[in-house]
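# Summary of the model geometry
Chain by chain, the residues:
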Amino acid sequence: MSLKPNILDKYKNNINFFIETGTFYGGSLETALLAGFKAAKSIEVSEKLATRAQARFVNDPRIEIIHGDTTAVLGPTIDSITERMFFWLDANDIGNFPLLKELSQIQAHLRNDHTILIDDMRCAGTEAFEYVSRESIEAAVYDINPDYTITYEENCEMPGVFDILVAQLSPTIMEEG
């Protein structure tokens, strides 16, 4: 699912870098730039989808589309960024569930005050998430920063389904850090 403007507006909080796993057609990238992010990087495992997105955004120097497996390239992609980042983690398919490895790479980053959104949480504990539970995903998020507050946002395409995990620090903690 593409990230919707109201979600980005609610959680952007003066963050300049948008990092996405699972480009698909690039709808979330476009929305991120409209929301005011200064730069966006997206990693897509499908060569066909990555090439399509690269062609779509070829004239926008703020966007970088990376073809590759997020479990191998997310860490190197974010290593050189020293500012807080906004992560939209949406790279999952049956037979390919990289989320826990993505969270591990975020945990290895020099900062631990990013805002992290994870899509498709309704699939936690199912085959689509390789039977990884919601509790295990939340624990991996807390491993990044035990001060995170985790909430859930409604999926605008499925009213009543709170499908997007949001992990962020409270404004008070961000001011202290």
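Scroll up to find the structure.
Remember, it's a predicted structure, so these values are computed and weren't measured experimentally. Residue numbers here run from 1 along each chain, matching the order of that chain's written sequence. Whole-chain, interface and lining totals are the exception, using all residues; otherwise, since this is a predicted model, local features are given only for residues with pLDDT of at least 70 and side-chain atom pairs are given and counted only at 80 or more. Hydrogens and water molecules were not included; the side-chain quantities draw on all heavy atoms of the structure.

### Details of the overall build of the protein chain
Scanning the protein chain from terminus to terminus reveals 7 helices and 7 strands. Strands here are runs of E lasting at least two residues and helices are runs of H or I lasting at least four, both read from the DSSP assignment and numbered beginning at the N terminus. Along the protein chain, helices (α) and strands (β) appear in the sequence α-β-α-β-α-β-α-β-α-β-α-β-β-α when read from the amino end. In this setup the radius of gyration rests on C-alpha atoms only. A globule is expected at 2.2 Å times the number of residues raised to 0.38. For a compact globule of 177 residues, the expected C-alpha radius of gyration is about 16 Å, and the protein chain comes in at 15 Å, within 12% of that figure. When the backbone C-alpha atoms are referred to their principal axes, the protein chain occupies close to 40 × 40 × 35 Å. Sequence separation of 24 or more characterises 62% of the internal contacts of the protein chain that already satisfy a separation of 6 or more. Note on areas: Shrake-Rupley with a 1.4 Å probe; residue coverage comes only from the protein chains shown. As presented, the protein chain carries roughly 8,500 Å² of accessible surface, and 49% of it is formed by carbon and sulfur atoms. Charged residues are defined here as Lys and Arg on the positive side and Asp and Glu on the negative side; His and the ends of the chain fall outside this count. Positions of charges follow a simple convention, taking NZ of Lys, CZ of Arg, CG of Asp or CD of Glu. Each charge sign in the protein chain was given a centre, from 14 positive and 28 negative side chains, and these centres are 6 Å apart. Here, residues are in contact when the closest pair of their heavy atoms is within 4.5 Å.

### Regarding the pattern of salt bridges
By definition, a salt bridge exists where a carboxyl oxygen of Asp or Glu is found within 4 Å of a side-chain nitrogen of Lys or Arg. Throughout the structure, instances matching the rule amount to 7 salt bridges. The salt bridge partner of E30 is R56, with a shortest N-O separation of 2.3 Å. With E30 in helix α2 (residues 27-34) and R56 in helix α3 (residues 47-56), this pair connects stretches of sequence that are 26 residues apart. Overall, the relative accessible area of 41% leaves R56 in the partly exposed class. Its salt-bridge partner being E64, residue K41 comes within 2.8 Å of it at the nearest N-O pair. Of this pair, K41 sits in strand β2 (residues 39-44) while E64 is found in strand β3 (residues 63-67), placing the two residues 23 residues apart along the sequence. Relative accessibility thresholds used throughout: buried, under 20% of the residue-type maximum; exposed, over 50%; partly exposed, between the two (1.4 Å probe, protein chains only). The exposure class of E64 is partly exposed, given its relative accessible area of 37%.

### Topic: the environment of V45
With respect to the helices and strands, V45 occurs in the loop between β2 and α3. Residue V45 is classed as partly exposed on the basis of its relative accessible area of 44%. For the pair V45 and Y131, spaced 86 residues apart in sequence, the C-alpha separation works out to 21 Å.

### Thoughts on unusual backbone geometry
For N14, which is not a glycine, the phi torsion comes out positive at approximately 60°. As for its placement among the helices and strands, N14 is situated in the loop between α1 (5-11) and β1 (17-21). The exposure class assigned to N14 is exposed, which follows from its relative accessible area of 75%.

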